[in-house]
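# Observations on the model geometry
Spelled out, the chains give:
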Amino acid sequence: MVRSTKDQIQQFRGVSRRALIVGMGQIGVLGIIGWRMRSLQIENADQYRLLAEENRINIQLIPPSRGLIFDRNGVVLAENEQNYRLVMTREETGDPVETIVRLANAIELDPDDIARALSEMEQKAPFIPVTLKERLSWDEVAFININAPALPGVRSEVGLSRLYPLGADLAHVVGYVGPVSDYDLGRTNDPDPLLRIPRYQIGKTGVENKLDRSLRGVAGTRQVEVNANGRIIRELGQVDSMAGPDVQLTIDTPLQSYAQARLAGESASAVVMDIETGELRCVASAPTFDPNQFVRGISVQNWTELNEDPYRPLAAKAFQGTYPPGSTYKMIVALAALEAGVVAPEETVYCPGFVDVGETRFHCWKRGGHGNMNLHESLKQSCDSYYYEISQRVGIDAISQMAARFGIGVRPDLPLSAVAEGLNPTRTWKRSVRDETWRVGDTVNASIGQGYVLASPLQLAIMTARLASGKDITPRLVKSLLWTEPPPEAERLPINENALRRCRAAMADVVNHNRGTAYRSRVLSAGYDLAGKTGTSQVRRITTEERALGIIRNEDLPWERRDHALFVGFAPIENPKYSIAVVVEHGGSGSGAAAPIARDIMLHALYGGRPPLEAYPDSQRPQILEQQKRVRGRTMTEGRHRDRT
């Protein structure tokens, strides 16, 4: 009995020690938990409260309305239209494929759009809606709304999309917008969060691209409360977006539309520039394309047609294309020679039809030659031999310096895509680029705007404006953006005014003298007379054998081997208002292809509309009347098409 009691006491003592150890452990654990709770709830409460709020509240962007683009007269060139979209939420739909099959019975769906939408659904959270189709018709919107109970997860939404009411007329100038691509994100450091919005549209070409940052505006924000899965519970607040500012261009839409219609059927371009202000009234390239196709998603077939067209409708020839300026460059050489004092205005150079330079013979366009030519006659009749001779006297250095003063080889600072710099060749350029020494033959070639010299139609219009005014005219395309920009004050060019007058007088005779190369393109209306210079630039080499047998006529050659046709001019002669440059790719001759187009566009600019038949020579009036009907019919047809669009 006594032993039993002792055993019980010893057992009790063992249990008490174990309980004490366990209890102490529990107290220690509770102490640690208490200390951690104090740390979380008291010492670091602010930090964790902030993290909790960030997890609970999301900020969503509200896209702003894109700024509108107008012409000089307030005509809308780019606007925003309501765009009804078909969107689908995978979480609510159940089986997206089955739902799409049911939708396809009533709504036409593009297979490419279906594939893209299904791919987006796989990549995004199931509660994020995905666009299945854009630009729903009203009947399609009504069908979706009426059948909403039978189409869970499917609904229509309304947003804004870009629209170009004038269609193709200003496609190269205004450009177009499109969804942000990975390529766009990869080549920009723009931190604007708008670029991260799925299918957000940015400017891709033209003014839309160059002024994109201004046009897109400032995003608004919406604060929403979300649960742990990111699903919206309620809206907490909103800051409205700010629409992008409107832009007004210097373009005159009626003149631009007329120029596009007049250039129809050609691979050509035309630029009209206000000589006083530098404002670009017309920047036309033909053929052109409908920019709305790119906004809505161009089909593979249409894209292929545009890319395979030999006339290159996607190319903005007026400011991206560069061409040998041909004889339109001769005024530059004449001014350089007069300024250097290596030729007197009345001094004559004999033209037998060619000039030998070393072992190379350079031919004049007139096989039998022009005889004795002074500066005035050489421009009027476009004698090549005269410029072969005086260019050797003055040298390429003085010629290139004069060309630079008139904008050749200088990239115009304009909000347009890929504006060409052209090429004003020098000795240094040839040595650094081609690792070759400049030769006398290079100077002779350059004297008639061939060889290495390249200029865009825009640069030729700038050159002509400076010739006509004697001022350093700078081109302008934007008339106002946030504020009206006054035209810059142009300074006078450091060139002798008498030399400029002689060139202008010769250009007047080019068009208005019966021996001038553009006499058929003269204007009879008093006060609307035109001065100019024709140009023809070769795109192929004429061999000695071909010259011996007879040079093949342009019309007998394949289109791509014919000469380019050029014309530059200004009007009126006494008080110049506009300069113009026209280039017709493979047009054959400046006098036959480019000059008539330039005259018609210039008259349209001066008259502010269709000129009277009395402005044209009697013999041409029946032809002009038919042409005016065709052009007018074309512009009216395109206008009706734009209205339907």
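Cut-offs applied
- Residues numbered from 1 in each chain as written.
- Predicted model: local features only at pLDDT ≥ 70, side-chain atom pairs only at ≥ 80, totals over all residues.
- Heavy atoms only, no water.
- Helix = DSSP H or I, 4+ residues; strand = E, 2+ residues; numbered from the N terminus.
- Buried < 20%, exposed > 50% of the residue type's maximum accessible area, 1.4 Å probe, protein only.
- Contact = heavy atoms within 4.5 Å.
- Areas by Shrake-Rupley, 256 points an atom, 1.4 Å probe, with all protein chains shown as cover.
- Phe/Tyr/Trp six-rings, centres within 6.5 Å; stacked < 30°, edge-to-face > 60°.
- Pairing = 2+ DSSP bridges.
- Axes fitted to C-alpha atoms, helices over the stretch in contact; angles between N-to-C directions.
- Patch = residues over 30% accessible without salt bridge, like charges linked within 9 Å, V, L, I, M, F, W, Y side chains within 5 Å.
- Salt bridge = Lys/Arg side-chain N within 4 Å of Asp/Glu carboxyl O.
- Core = buried A, V, L, I, M, F, W, Y, C linked by side-chain atoms within 4.5 Å.

### Some remarks on the overall build of the protein chain
Tallying secondary structure elements over the protein chain gives 24 helices and 21 strands in all. Taken over 645 residues, the protein chain has a buried fraction of 48%. In the protein chain, of all internal contacts separated by at least 6 residues, the share reaching a separation of at least 24 is 72%. For the protein chain, the computed accessible surface area is about 31,900 Å², with 51% contributed by carbon and sulfur atoms.

### Some words on the packing of aromatic side chains
Applying the stated criterion across every chain, the model contains 11 aromatic pairs. On the basis of an interplanar angle of 85° and a centroid distance of 6.2 Å, the ring pair of Tyr-176 and Phe-289 is categorised as edge-to-face. Note that Tyr-176 is positioned in the loop between α7 (171-174) and β6 (177-179) and Phe-289 in the loop between β12 (280-286) and α12 (292-296), a separation of 113 residues in sequence. In terms of burial, Tyr-176 and Phe-289 fall into one category: buried. Relative to Tyr-452, the ring of Trp-438 lies with its centre 6.0 Å away and its plane at 50°, an arrangement referred to as tilted. With Trp-438 in the loop between α18 (427-433) and α19 (440-447) and Tyr-452 in the loop between α19 and α20 (457-469), this residue pair connects regions lying 14 residues apart in the sequence. Here the two residues Trp-438 and Tyr-452 agree in accessibility, since each one is buried. Connected via pairs of aromatic rings, a cluster forms that spans Tyr-176, Phe-289, Phe-294 and Trp-303.

### Some remarks on the environment of Arg-196
In this structure, Arg-196 sits in the loop between α8 (182-186) and β7 (201-203). Put simply, Arg-196 and Val-180 are 16 residues apart on the chain and 8.0 Å apart in space, counted from C-alpha to C-alpha.

### So, the sheet that holds strand β19 (residues 531-537)
Across the sheet, which stays open at both edges, the five strands sit in the order β12-β11-β21-β20-β19 with antiparallel pairing between neighbours. Every other strand in the sheet has two partners, leaving β12 and β19 as the edge strands with one partner each. Strand-to-strand twist across the sheet, computed as the mean angle between neighbouring axes with direction ignored, equals 10°. Of the strand pairs in this sheet, β19 and strand β20 (residues 564-571) are connected by seven bridges, and their pairing is antiparallel. From the neighbouring strand, Thr-536 faces β20, where its bridge partner is Ala-565. The sheet contacts of helix α11 (residues 253-262) involve β11 (268-274) and β12, and relative to β12 the element is tilted by about 25°. Relative to the sheet, α20 contacts β11, β12, β20 and β21 (578-584), its axis offset from that of β21 by approximately 145°.

### A closer look at a nonpolar patch on the surface
Together, Val-29, Leu-30, Ile-33 and Met-37 make up an exposed nonpolar region whose accessible area comes to about 380 Å². On the secondary structure map, Met-37 appears in helix α1 (residues 2-43). Looking at Met-37, the relative accessible area reads 43%, which means it is partly exposed.

### Remarks on the side chain of Thr-131
Structurally, Thr-131 can be placed in strand β4 (residues 130-133). Assessed through its relative accessible area of 15%, Thr-131 is described here as buried. Thr-131 has contacts with Arg-85, Leu-86, Val-87, Arg-116, Ala-117 and Arg-199, leaving out every residue within four places of it along the chain.

### Focus: the nonpolar core
One finds Leu-249, Leu-335, Tyr-386, Phe-406, Leu-460, Met-463 and Leu-467 to be the most contacted residues of the largest nonpolar core, which totals 101 residues. In terms of residue count, helix α17 (residues 384-405) provides more of this core than any other element does, nine residues in total. Ignoring sequence-local partners within four residues, the contact set of Met-463 consists of Thr-328, Met-331, Ile-332, Phe-406, Ile-408 and Val-568. Within the second largest apolar cluster, 37 residues are counted, among which are Val-272, Val-510, Ala-598 and Ile-624.

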